[in-house]
Structure formats: structure tokens, C-alpha cells
Amino acid sequence: MSQPPKPSEAIYLPRPSALPVLFAFGFAALVVGLFAWWPYSVIGGVIALFSLIGWLRTNRAEIERMPNRQQTDTAPIPLSVSPPAE
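My aim in this report is to walk through the structure given alongside it, one point at a time. Only a predicted model underlies this, so the values are computations on that prediction, with no experimental measurement involved. (Residues numbered from 1 in each chain as written. Predicted model: local features only at pLDDT ≥ 70, side-chain atom pairs only at ≥ 80, totals over all residues. Heavy atoms only, no water.)

### A word on the layout of surface pockets
Here comes step 1: Computed from the structure, the largest pocket encloses a volume of approximately 170 Å³.
Here comes step 2: Among the residues forming the lining of the largest pocket, the class breakdown is seven nonpolar, three polar and three charged. (1 Å grid on protein atoms, 1.4 Å probe; cavity = no way out; pocket = protein on both sides within 12 Å on 5 of 7 lines; lining within 4 Å. Points joined across faces, edges and corners; volume = space filled by probe spheres on them. Nonpolar A, V, L, I, M, F, W, Y, C, P; charged D, E, K, R; others polar.)

Structure representation (C-alpha cells):
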């Protein structure tokens with residue numbers, strides 16, 4: 001039995017980050033502060049803003065390290081197949 005060829009495409013996964021969780025916490029504090037006490041909104045908004053900025057900067061750095069084009073040596077797989085016309 002022959003082995004399948006090694007893949008030529010590279011898969012890039014983002015690094016683990018706590019920034020999405022921090023953004024969710026800040027946004028939740030912002031919404032709670034709208035109904036409870038306004039300083040919660042201010043603190044939550046600052047946390048959400050800084051974590052969102054950090055998250056977007058990290059995302060930009062992750063995208064920049066990806067190659068612009070990849071060489072493929074396999075045939076593309078169609079997304080959908082139409083039924084034959086009768």
C-alpha cells in the first residue's frame with residue numbers, strides 16, 4: 001500500500017491569546033455599567049478599547065507572517081456539484 005503524498009500547503013494557526021476574553025469582560029462591564037453605575041461603564045469601555053486594539057494589532061502581525069501565495073500540487077475540490085440535466 002502506498003502512502004499519500006505529503007501536503008504542500010501550509011496551515012497557519014493563530015497563537016493563543018487572552019485578548020478576546022479580556023475584550024468580552026470589558027464589553028460586559030460596559031453594558032452592566034449602563035444599567036448599574038456609570039463608573040463600571042467607563043472602566044469596562046477602557047478595558048474593551050485597549051484589549052480590542054491589542055487584539056487587532058496581534059491579528060495584523062499574524063496576517064503579515066503568512067505567505068501571499070502558496071504553491072499547490074493538488075487539484076482544487078469543487079464546492080458544489082450540480083445534478084445532471086435530464
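What follows picks up the thread again.
### Some points on the side chain of E62
Here comes step 1: Looking at the element boundaries, E62 is found in helix α2 (residues 38–64).
Here comes step 2: Since its relative accessible area comes to 9%, E62 is described here as buried.
Here comes step 3: Once residues lying within four places of it in the same chain are set aside, the contact partners of E62 are L13, P14 and R15. (Helix = DSSP H or I, 4+ residues; strand = E, 2+ residues; numbered from the N terminus. Buried < 20%, exposed > 50% of the residue type's maximum accessible area, 1.4 Å probe, protein only. Contact = heavy atoms within 4.5 Å.)

### Section: a nonpolar patch on the surface
Here comes step 1: A surface patch of nonpolar side chains, about 980 Å² in accessible area, is lined by V32, W37, W38, Y40, V42, V46, L49, F50 and I53.
Here comes step 2: Of all the elements, α2 adds the most residues to the nonpolar patch, at seven residues.
Here comes step 3: Inspection of the secondary structure puts Y40 in helix α2. (Patch = residues over 30% accessible without salt bridge, like charges linked within 9 Å, V, L, I, M, F, W, Y side chains within 5 Å. Areas by Shrake-Rupley, 256 points an atom, 1.4 Å probe, with all protein chains shown as cover. Salt bridge = Lys/Arg side-chain N within 4 Å of Asp/Glu carboxyl O.)

### Side note on α2
Here comes step 1: Taking 1.5 Å of rise per residue, 27 residues should cover 39 Å, and α2 covers 39 Å from first to last C-alpha, within 8% of that figure.
Here comes step 2: Those residues of α2 not exposed but buried are P39, S41, G44, G45, A48, S51 and E62. (Expected span 1.5 Å × (residues − 1).)

### Focus on the environment of P20
Here comes step 1: For P20, the location among the structural elements is in helix α1 (residues 19–35).
Here comes step 2: Look at P20 and you get partly exposed, because its relative accessible area is 27%.
Here comes step 3: Through-space distance from the C-alpha of P20 to that of G54 is 9.6 Å; in sequence the pair is 34 residues apart.

### Notes on the side chain of S41
Here comes step 1: Looking at where S41 falls in the secondary structure, it is placed in helix α2.
Here comes step 2: For S41, the side chain forms a polar contact with the main-chain oxygen of G33, separated by 3.4 Å.
Here comes step 3: Sequence-distant contacts of S41, defined by excluding residues within four places in its chain, comprise A29, L30, G33 and L34. (Polar contact = N/O pair within 3.5 Å; in protein donor to acceptor, adjacent residues only side chain to side chain.)

### Considering the pattern of salt bridges
Here comes step 1: Counted under the stated rule, the structure contains two salt bridges.
Here comes step 2: We note a salt bridge from R65 to E62, for which the minimum N-O separation is 3.0 Å.
Here comes step 3: Among the residues examined, R65 registers a relative accessible area of 37% and is labelled partly exposed.
Here comes step 4: What you see here is one network of salt bridges that share partners, running through R15, E62 and R65.

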